[in-house]
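The primary structure of each chain is shown beneath.
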Amino acid sequence: MNAGRPAASRLHWWWIGGATVFLLISIVVGVMVGVFALSPGDIIRSVLSRLSWVELSTGLSEREEAILWQIRMPRVILGVLVGSMLSSAGAAYQGVFRNPLADPYLLGAGAGAGLGATLAIAYGPVAGSWIIDPLPLAAFVGAIGGVALAYVLGYSVRSGRTSVTLILAGVAIAAFLTALQTFVQQRESDTLREVYGWILGSLNTAGWSEVRLVLPYVVVSLSVVVASRRLLDVLSVGDVEASALGIQPVRIRMTVIAFATLGTAAVVAVSGLIGFVGIIVPHAIRLVTSVSYRVIVPLSVLFGGAFLVLADIIARTVLSPAEIPIGVVTALVGAPFFALVLRTSKGVVS
Amino acid sequence: MNAIDFSHVSVVYSEHPVVRDVSFSVSDREWVSVVGPNGAGKSSLLKTLVGAVAYSGRVDLRGESATELRGRHRASVVAYVPQRSFFPPGMTVFDFVLLGRTPHMGPLASESRRDIDEVWEALEALHIERFASRDVATLSGGETQRVSLARVIAQRAPVLVLDEATASLDLSAQHEVLELIDALRSSHGITVVSAIHDLTAAAQFCDRVALLSGGELIGFGSPAEVLTEAVLREILEPSIRVIEVDGNPVIVSLRTQES
Amino acid sequence: MSKRTISIIVAVGVVLALGFVLILRSTSSETESAAPGSSTTAPDTTSAVAPTTTEQTTTTTAQTNDGFPVTIDTPSGPVTIDKKPVRIVSISPTSTEVLFATGAANQVVAVDDQSNYPSEAPTTDLSAFTPNVEAIAALDPDLVFLSFDPGDVIAGLEAIGIPAILHPPASTIDDAYSQWEQTGFATGNLAAAVALVSSTTDSLRATVAGLPDGTDALSYYYELDPTFFSATSSSFIGSLFARTGVANIADDADPDGFGFPQLTAEYIIGSDPTLIYLADTKCCGQDLDTVAARPGWNVMSAVELGNVIELDDDIASRWGPRITELLEIVVASILDLETADA
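All chains use their own residue numbering, which begins from 1 and follows the written sequence. Note on labels: chains are lettered from A, ligands numbered from 1, in written order. Given that the model is predicted, a residue must reach a pLDDT of at least 70 before its local features are reported, and side-chain atom pairs must reach 80 or more before they are shown or counted; all residues, however, enter totals for whole chains, interfaces and linings. Note that the side-chain values use all heavy atoms of the structure and ignore hydrogens as well as water.

Asker: Is there a simple way to explain the overall build of chain C in this structure?
Answerer: Every helix listed is a DSSP run of H or I at least four residues long, and every strand listed is a run of E at least two residues long, numbered separately from the N terminus. Counting its secondary structure elements, chain C contains 15 helices and 10 strands. It only takes one pair of heavy atoms within 4.5 Å for two residues to be counted as in contact. Residue pairs at least 24 apart in sequence account for 61% of intrachain contacts in chain C once pairs closer than 6 positions are excluded. Total accessible area on chain C is roughly 13,900 Å²; 56% of this is exposed by carbon and sulfur atoms. We get accessible surface area from the Shrake-Rupley algorithm with a probe of 1.4 Å; when it comes to residues, only the shown protein chains can shield them.

Asker: Mind showing me how you'd approach the nonpolar core here?
Answerer: For soluble globular proteins, the rule of thumb is that nonpolar side chains tend to be buried together. Nonpolar cores are built from buried Ala, Val, Leu, Ile, Met, Phe, Trp, Tyr and Cys residues. Side-chain atoms within 4.5 Å join them into one set. Type-normalised accessible area, obtained with a 1.4 Å probe on protein chains alone, sets the label of each residue: buried when under 20%, exposed when over 50%, and partly exposed for intermediate values. Core analysis: the biggest nonpolar cluster contains 156 residues, and Leu123 and Leu160 of chain B have the highest contact counts within it. If we ignore the near neighbours within four places in the chain, the residues touching leucine 123 of chain B are Val93, Phe94, Val97, Ile128, Glu129, Ala132 and Ala150 of chain B.

Asker: What is the right way to look at the sheet that holds strand S9 (residues 275-278) of chain C in this model?
Answerer: Paired through backbone hydrogen bonds, the strands of a sheet run either parallel or antiparallel to each other. Residues and elements named next belong to chain C. Spatially, four strands are ordered S8-S7-S9-S10 in an open sheet, and the strand pairing comes out parallel. In this open sheet, the two edge strands, each paired with only one partner strand, are strand S8 (247-248) and strand S10 (308-310). To define axes, lines are fitted to C-alpha atoms, for helices over the stretch in contact only, and angles between the resulting N-to-C directions are given on a 0 to 180 degree scale. Against the sheet, helix H15 (residues 323-335) engages S9 and S10, with an angle of about 150 degrees to S9. Only strands that DSSP links by at least two bridges are regarded as paired with each other.

Asker: When you look at the state of the cysteines in this model, what are you seeing that I'm missing?
Answerer: One covalent bond between the sulfur atoms of two cysteine residues makes up a disulfide. Residues and elements named next belong to chain C. Cysteine sulfur atoms that come within 2.5 Å of each other are treated as a disulfide pair. Tallying each qualifying case throughout the model produces one disulfide over all chains. The disulfide partner of cysteine 283 is cysteine 284, and the S-S distance across this bridge is 2.2 Å. Taking the sign of the S-S torsion, -95 degrees for the link of cysteine 283 and cysteine 284, the bridge is left-handed. We classify cysteine 283 as partly exposed; its relative accessible area is 42%. Among the residues examined, cysteine 284 registers a relative accessible area of 6% and is labelled buried.

Asker: Would you explain the environment of glycine 124 of chain A in this entry?
Answerer: Residues and elements named next belong to chain A. Relative to the helices and strands, glycine 124 resides in the loop between helix H4 (109-123) and helix H5 (134-155). The class of glycine 124 is partly exposed, set by a relative accessible area of 26%. Each C-alpha atom of the pair glycine 124 and leucine 135 lies 7.9 Å from the other, and the pair is 11 residues apart in sequence.

Asker: Honestly, the interface of chain A and chain B in this entry has me stumped. Any pointers?
Answerer: If you look at the interface, chain A gives 30 residues, while chain B gives 41 residues. Here chain A meets chain B over a buried area of about 2,800 Å², counting both sides, of which 55% is carbon and sulfur. Any carboxyl oxygen of Asp or Glu within 4 Å of a side-chain nitrogen of Lys or Arg constitutes a salt bridge here. There are three salt bridges connecting chain A and chain B. The partner of glutamate 111 of chain B in a salt bridge is arginine 294 of chain A, and the shortest N-O contact between them spans 3.2 Å. Here a polar contact is recorded for every N or O atom pair within 3.5 Å, except that within protein the pair must consist of a potential hydrogen donor and a potential acceptor, and residues adjacent in sequence are included only if both atoms are side-chain atoms. Summed over the shared surface of chain A and chain B, the result is 10 residue pairs in polar contact (both at pLDDT 80 or more). The set of elements that each furnish at least two residues to the side of chain A that touches chain B consists of helix H9 (229-235) and helix H10 (239-244) of chain A. The element that contributes the greatest number of residues to the side of chain A that touches chain B is H9 of chain A, accounting for five residues. Under the scheme applied, nonpolar residues are Ala, Val, Leu, Ile, Met, Phe, Trp, Tyr, Cys and Pro; charged residues are Asp, Glu, Lys and Arg; polar residues are all the others, including Gly. Along the lines of polarity and charge, the residues of the side of chain A that touches chain B split into 14 nonpolar, eight polar and eight charged. Here the buried area means the combined drop in accessible surface, using a 1.4 Å probe, for two parts upon being joined, counting both sides.

Asker: Just to check I follow, could you spell out the packing of H4 of chain A against H5 of chain A for this structure?
Answerer: Geometry of a packed helix pair, given as the angle between the helix axes and the separation of the axes. Residues and elements named next belong to chain A. Where H4 meets H5, the closest approach of the two axes is 6 Å, and the angle between their N-to-C directions is 145 degrees. Taken as a pair, H4 and H5 cross one another with a handedness that is right-handed. When H4 is examined against H5, the residues Ala109, Gly112, Ala113, Gly116, Ala117, Ala120 and Ile121 are found in contact with a partner set consisting of Pro134, Leu135, Ala138, Ala139, Gly142, Ala143 and Val147. Its residues assigned to classes, the contact of H4 with H5 shows 11 nonpolar, three polar and no charged. Crossing handedness: left-handed means the near helix sits turned counterclockwise from the far one by under a right angle, and right-handed means the same turn made clockwise.

Asker: Sorry if this is basic, but what is going on with the side chain of aspartate 314 of chain C here?
Answerer: Residue and element names in this part refer to chain C. Along the polypeptide, aspartate 314 turns up in helix H14 (residues 313-317). Among the polar contacts made by the side chain of aspartate 314, one reaches the side chain of asparagine 116 at a distance of 2.8 Å. When neighbours within four sequence positions are excluded, aspartate 314 is seen to be in contact with Asn116 and Lys282.

Asker: Help me understand the pairing of strand S3 (residues 31-35) of chain B in this model?
Answerer: Side-chain direction in a regular strand flips from residue to residue, so the side chains alternate between the two faces of the sheet. Residue and element names in this part refer to chain B. Judged by how many residues are buried, S3 sits mostly within the fold: five of five residues are covered. Of the two faces of S3, the one lined by Trp31, Ser33 and Val35 and the one lined by Val32 and Val34 are each fully buried. As defined by bridge partners, S3 adjoins strand S8 (residues 191-195) across four bridges and the pair is classed as parallel. Along S8, the bridge assignment pairs valine 34 with alanine 195. Note that S3 and strand S9 (residues 208-213) share four bridges and pair parallel. Among the inter-strand pairings, valine 32 is bridged to a residue of S9, identified as arginine 208.

Asker: How should the pairing of strand S1 (residues 70-74) of chain C be read in this particular structure?
Answerer: Residue and element names in this part refer to chain C. The buried fraction of S1 is high, at four of five residues. Bridging between S1 and strand S2 (residues 77-81) involves five bridges; their strand directions are antiparallel. Bridging across to S2, valine 70 finds its partner in isoleucine 81. Count of turn residues in the S1/S2 antiparallel hairpin: two residues.

Asker: Got a minute to help me understand the sheet that holds strand S7 (residues 159-163) of chain B in this structure?
Answerer: Residues and elements named next belong to chain B. Ordered by their spatial adjacency, six strands build an open sheet running S6-S7-S8-S3-S9-S10, and the pairing between neighbours is mixed. The sheet is open, and its two edges are formed by strand S6 (78-81) and strand S10 (216-221), each paired on a single side. Strand after strand, the sheet turns through a mean of 15 degrees between neighbouring axes, direction not considered. Of the strand pairs in this sheet, S7 and S8 are connected by five bridges, and their pairing is parallel. When the bridges of S8 are listed, valine 161 appears paired with valine 193. Lying on the sheet, helix H5 (residues 141-155) is in contact with S6 and S7; it crosses S6 at an angle near 170 degrees.

Asker: Sorry, what's going on with the packing of helix H12 (residues 277-288) of chain A against helix H14 (residues 326-344) of chain A here?
Answerer: Residue and element names in this part refer to chain A. Where H12 contacts H14, the two axes come as close as 10 Å, and the packing angle between them is 20 degrees. Classified by the interaxial angle, the pair formed by H12 and H14 is roughly parallel. Here the hand of the crossing between H12 and H14 comes out left-handed. Residues Val277, Ile280, His283, Ala284, Leu287 and Val288 of H12 pack against Thr330, Gly334, Ala335, Phe337, Phe338, Val341 and Leu342 of H14. Oblique is the label for any angle not under 35 degrees, not over 145, and not in the 65 to 115 range, which are roughly parallel, roughly antiparallel and roughly perpendicular in turn.

Asker: What's the story with the side chain of aspartate 112 of chain C in this structure? I'm lost.
Answerer: All names here are of chain C. With respect to the helices, strands and loops of the structure, aspartate 112 is situated in the loop between strand S4 (108-111) and helix H5 (133-137). Charge counting follows a simple rule: Lys and Arg are positive, Asp and Glu are negative, and His as well as the terminal groups are ignored. Buried and without a salt bridge, aspartate 112 has arginine 318 as its closest oppositely charged side chain, separated by 7.0 Å. Within the structure, the side chain of aspartate 112 is placed 3.2 Å from the backbone nitrogen of serine 92, a separation counted as a polar contact. In this structure aspartate 112 touches Ser90, Ile91, Ser92, Pro93, Thr96, Thr123, Thr124, Leu126, Ser127 and Ala128, once residues within four positions along its chain are discounted.

Asker: What's the story with helix H8 (residues 208-227) of chain A in this structure? I'm lost.
Answerer: Side chains three or four residues apart in an α-helix point the same way, a direct result of the helix having 3.6 residues per turn. Residues and elements named next belong to chain A. Between the first and last residue of a helix there are one fewer steps than residues, each counted as 1.5 Å, and that sum is the expected span. Here H8 contains 20 residues, and its C-alpha end-to-end distance of 28 Å stays within 8% of the 28 Å for a straight helix at 1.5 Å per residue. Given a residue, its bend is the angle between the two axes fitted to the seven residues that end at it and to the seven that start from it. By the largest-angle criterion, valine 214 marks the main kink of H8, which is about 35 degrees, and a proline, proline 216, follows within four residues. Turning to H8, its buried residues are Glu210, Val211, Val214, Val218, Ser221, Leu222, Val225 and Ala227. Against the buried residues of H8 lie helix H3 (62-96), H9, helix H11 (249-271) and helix H13 (293-317).

Asker: How do you make sense of unusual backbone geometry when you look at a structure like this?
Answerer: Residue proline 321 of chain A follows serine 320 of chain A across a cis peptide bond; omega there is 5 degrees. Checked against the element boundaries, proline 321 of chain A lands in the loop between H13 and H14. The residue after tyrosine 117 of chain C, namely proline 118 of chain C, is reached through a cis peptide bond having omega -10 degrees. When you line up the elements, proline 118 of chain C lands in the loop between S4 and H5. Backbone geometry at arginine 62 of chain B places phi at a positive 45 degrees, although glycine is not the residue there. Note on placement: arginine 62 of chain B falls in the loop between strand S4 (56-61) and strand S5 (64-65).

If you want it as structure tokens, here you go:
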């Protein structure tokens, strides 16, 4: 009965399927590629022996096993989590603010995390003297605190609780926190390289403990953001019409921002301020597929993870055995890729 | 049971009253227009129906207090079309009409087969199936009003609130849209409450009109009863003439002749 | 605003931000790479210092005043010192060490907050990283030493008639020697400076002479910070280590001789260096335990056998006379190497 009735902007199974395959391929490549050539056969045997708890002779030395399981695997998995989280949080922010230029750091999460990290590096106890590493904790608290401040400021404005006042509050808070961060950094310029390296982002020191740390946050955050994807479409007609359609824009905006920020804060805490992912990935998906968040959000989860894994492969292999900051790669690769998408996309409207 | 009962409704914006103690009722399947000069409080009165303003007094929608109807439940009773809907650039007509299904879906649910069928039925009811994949931002004025109405149909709400929905259209497009609304009213059994600027159009399409001035209800009844030359000259301007054509009042403003 | 416009703005923004990032990076790498220009402008040896200045000293008949005035070449241009300085301010921890090792101790009136050696150095709260012209001028110095010049501090000092010498991080040991000799020359302690260079040269030579053959079969990883920035043999510290003959695993990561690459964890573990030197013990609290706790690092033989040497960040990051101590520690660590057989 639906012949000739294209159900527009639905999440076609081949998009999801294609994106999933793309993600899996990038994970496999990420595990296979590295400074040291481990034979694919050995890697597969090693994986099988772990998965099935059957002792297989893997042919890998103890050190090669450590490289595979302690270095590459957690790094690739963390790349997936960070990429998925930043991309879908970017999509969520774009949705709640009805602004394709929004990114997960818009409301001060990035500036807050940067300030937290700088304070931890400059004044915090040296690593190892605490049970918890102070740097990720401070970055996490800073990110949440930055957004909370923006929210309180934005909604204390008398003229109304609109998304515009919230963005303005976020811009003000971000500028303020960045100024504080710069001030601290200049006062303690011996920390400059460490702060700067953190801000550019890296997965270089990633291990399973980082994966375990962020996994629960990312799972919860992604679940809420993905589940809200249709509501983001409803928000796109504006608050008055959206509430006439039966939803509560203010409450939805707050919920989505809260959970997107939670996940963003967690991944920023372990990987630094990796930029461009949160804006480029959802926007490229929007240009190629649809403006509907029903499509953009789930695809951002899959393509975001794949994009960051691929960017990280470049970061650790191009100048191998030296490392390039992954934030530089996401920009270097992301910008031309984005330009390409921009040029080839059809149906751009005014 | 009345579709809508306004009872001693007042709306105050920052200590400035814009609607004062208004009471009237709208019967089921009736079309009532709220008319009056700019700033008479038409839009504010309509907004009480969709929870977009705070008010005192009582507003009942099919016997239930409008303040107690919340969220999706209210949206399944009353649909709202603003003067100018926002059409998100890039969104397809299909997706826009699908938004009308929001009150019928769980907060986190996706659209079901039934929702999709409802959207197609709504598109067909307004003869815009062929636009389904068009970008809403590329439509003409008349087309966008059809799309808005399709969303209302998909919403399946028995009460339709139109806030100056045709004000930006040219005369023929306005006429066409009003005809459509009237047709939908009979085919879908909808009660319509509209704010209309054009008094002649209101007189032709509506069963009854509610005339507001300065926030107060100064007349309620059939167009011929309410839209009299004496009243309109008092609240609008002295040069107004009311001419009767085929039993309907035609309201015009004539240039004052110096004599 | 149209979607295309927005998209173009995004693309332009990305490119601008990218340019910004690259600019930041190149700026930071300049400060890290020990200003290679300094080695070309600064003379290599004592004899090279003297020629640039003899003309001045002879023409000004300065014998009455301990050989002053003198003019020396620095990376920021020629600097003339009219008479033997007695109110020296050092905004460089390395210069402080050199001044005290060349007999200028009683000429120094103030040193910066990072100058923690020797202990008798008159430490103040002057910032070594953001030196302030007014704060320095308030001390009424007749000569100022700096290791870098953010915000044109030297130009500011010159404008108010205070000579300032820029001694940026040395990129070679000869580079360091020439800075020491310049310091001696500028402060009227040339003989002591020449003696220091010669004793240091002898000490370094003697220290490595104790090493057995075959050190080239060994390798080391030198850690600058816990994100695996390292120093290669083309850096100052690396050139010092290179005298032991032990191979530096970071050299492969630095084809351009930039000196300070960031290594991947995988490469460090896979290279399995014999020795690990930590130069991030003070800054970042690293030690054998924290290194062993890193994912995958416990399988490295250096970690298993305990061949992880915790260096003093300060000694390891300066190009002063204590490089002899540093080399002794390094050589001792090679001689005392724990092996799997032992």
